[in-house]
Amino acid sequence: MPRTTLTQFLVEQERAAQAITPELRLLIEVVARACKAIAVNVGKGALAGVLGEAGGDNVQGEAQKKLDVISNEILMQANEWGGHLAAMASEEMETIHETPNRYPKGEYLLLFDPLDGSSNIDVNVSVGTIFSVLRKPDDGHAVSEASFLQPGGAQVAAGYAVYGPSTVLVLTVGTGVHCFTLDREMGSWVLTQSNLTIPADTREFAINMSNFRHWAPPVRRYVDELLAGRDGPRGRDFNMRWVASMVADVHRILTRGGIFMYPWDAREPDKPGKLRLMYEANPMAFLVEQAGGAATNGHTRILELMPTKLHERVAVILGSRNEVERVTGYHNEVAPAP
Ligand code: AHM
Ligand code: MG
């Protein structure tokens, strides 16, 4: 069987499915190439002196790791000259980065979390890159932060890479979810699974249980019922997994089902959640819905939320449809969607 590379796949999406423009194809190829470079750096670890803290904080007040900074640089440099982007935004940068005037400007906007799960870097557990692509609004205005403030439903492509035992790239352009594995010898992404589908039911959940006391009653109720197992109202046992890298947790769910939650909690009541809407929740919600799953903030589909700022946070509940609908129902019983 001949192998399908990412390039072939994208050309087919452009030609036959007419799902992408040549510019979007270039954009995705450039992001995928940057992910290869990040994989090389992550893989060298202590040998290249890339582990540990960078010595500063990002815009969210979180300590940056050296690899956060390196990954951000790789994605920025790879993307700014190709002529496909109007601007970029990143978890690691306070404001947007416009394509410099010395390069041609394109019609797309790229958002990314360059290295998600970075608390896992130093302990050699899977980390990854998450990205989301929007079109610059055709409103005659120069690109600005406001150009990025579009609901997740407007994404034209989204994906993530996981730097794990193998390096994978999972992608959607709105025609299902497809998984590519990096052939390290050839240096190419090879299609290894098409049309990933999340089963509607599951017996596996992912949540940071140490926050139990801070959760809202609907989340406590749901998790209590899971923990009660076959003696409780669900009448069956559930298993728990928590990698603390969203990329790895979502990849498991896209592979074999499950529910992932990082719900609102009372630690910082003014923040709706820990995870960021525009470059974590939106791309993952697009992928999960494309695979037949569901993604809400407890009340509303994530893809329908209108962002008000670039680094906005959001509660996230995603994965197997029947479980997500159950938790969302528990929230809406207590208080209907605002
Ligand atoms: P990061 O983007 O700074 O790495 O933070 C996001 C990560 C997610 O990958 C993961 O699901 C979550 O934070 C883990 O949080 P916690 O350490 O509270 O369990
Ligand atoms: Mg992250």
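Residues numbered from 1 in each chain as written. Chains lettered and ligands numbered in written order. Predicted model: local features only at pLDDT ≥ 70, side-chain atom pairs only at ≥ 80, totals over all residues. Heavy atoms only, no water.

(A) Broad picture of the overall build of the protein chain. A tally of helices and strands in the protein chain yields eight helices and 17 strands. Its C-alpha radius of gyration of 19 Å places the protein chain within 12% of the 20 Å reference for a compact globule of 338 residues. Reported as C-alpha extents along the three principal axes, the dimensions of the protein chain are approximately 60 × 50 × 45 Å. Counting the 338 residues in the protein chain, one finds 55% classified as buried. The contacts in the protein chain between residues at least 6 apart in sequence include a share of 63% that link residues at least 24 apart. Total accessible area on the protein chain is roughly 14,400 Å²; 51% of this is exposed by carbon and sulfur atoms. (Helix = DSSP H or I, 4+ residues; strand = E, 2+ residues; numbered from the N terminus. Rg over C-alpha atoms; globule rule 2.2 N^0.38 Å. Buried < 20%, exposed > 50% of the residue type's maximum accessible area, 1.4 Å probe, protein only. Contact = heavy atoms within 4.5 Å. Areas by Shrake-Rupley, 256 points an atom, 1.4 Å probe, with all protein chains shown as cover.)

(B) Looking closely at the pairing of strand E6 (residues 127-135). Buried residues dominate E6, accounting for eight of its nine residues. Sheet topology note: the strand E5 (residues 108-116)/E6 ladder contains seven bridges and is antiparallel. Within E6, the position partnered with Leu110 by the bridge is Val133. Across seven bridges, E6 lies against strand E7 (residues 157-163) in antiparallel orientation. If you follow Ser132 over to E7, its bridge partner there is Ala158. (Pairing = 2+ DSSP bridges.)

(C) Expanded view of helix H8 (residues 321-334). Counted at 1.5 Å a residue, the expected span for H8 with its 14 residues is 20 Å, and the 20 Å between its end C-alpha atoms agrees. Every buried residue of H8 is listed here: Glu323, Val324, Val327, Thr328, Tyr330 and His331. Around the axis of H8, the buried residues are gathered within 150° of arc, so they sit on the same side. On its buried face, H8 is in contact with helix H5 (217-227), strand E13 (259-262), strand E15 (294-296) and strand E17 (316-319). (Expected span 1.5 Å × (residues − 1). Arc of directions from axis to C-beta.)

(D) Layout of the side chain of Asn72. By secondary structure assignment, the location of Asn72 is in helix H3 (residues 66-80). According to the relative accessible area criterion, Asn72 is buried, its value standing at 8%. Residue contacts for Asn72: discarding those within four places in its chain leaves Ser90, Glu92, Met93, Phe112 and Pro114.

(E) The arrangement of the pattern of salt bridges in detail. By the definition in use, this model includes 22 salt bridges. Between Glu204 and Arg252 there is a salt bridge, and its shortest N-O distance comes to 3.7 Å. Highlighted residues: Glu204 in strand E11 (residues 204-206) and Arg252 in helix H6 (residues 246-256), separated in sequence by 48 residues. Across the salt bridge formed by Glu323 and Arg234, the nearest N and O atoms sit 2.6 Å from each other. With Glu323 in helix H8 and Arg234 in the loop between H5 and strand E12 (239-240), the pair connects residues that are 89 residues apart, well separated along the chain. A residue is classified by how much of its surface remains accessible, and Glu323, at 1% relative accessible area, is buried. (Salt bridge = Lys/Arg side-chain N within 4 Å of Asp/Glu carboxyl O.)

(F) Looking closely at the packing of aromatic side chains. Per the stated rule, a full pass over the model turns up five aromatic pairs. Aromatic pair Phe9 and Phe180: ring centres 5.2 Å apart, planes at 75°, arrangement edge-to-face. On the criterion of sequence distance, the pair formed by Phe9 in helix H1 (residues 6-15) and Phe180 in strand E9 (residues 178-183) is long-range, its members being 171 residues apart. The same class applies to Phe9 and to Phe180, which are both buried. Centre to centre, the rings of Phe212 and Trp215 are 5.0 Å apart; their planes meet at 50°, and the pair counts as tilted. With relative accessibility at 4%, the residue Trp215 sits in the buried group. One aromatic cluster is present, built from ring pairs that chain together Trp242, Phe260 and Tyr262. In this arrangement the basic side chain of Arg221 is found over the ring face of Tyr330, its NZ or CZ atom lying 3.6 Å from the centre. (Phe/Tyr/Trp six-rings, centres within 6.5 Å; stacked < 30°, edge-to-face > 60°. Lys NZ or Arg CZ within 6 Å of the ring centre and 35° of its normal.)

Purely spatial values, then, with no claim about function.
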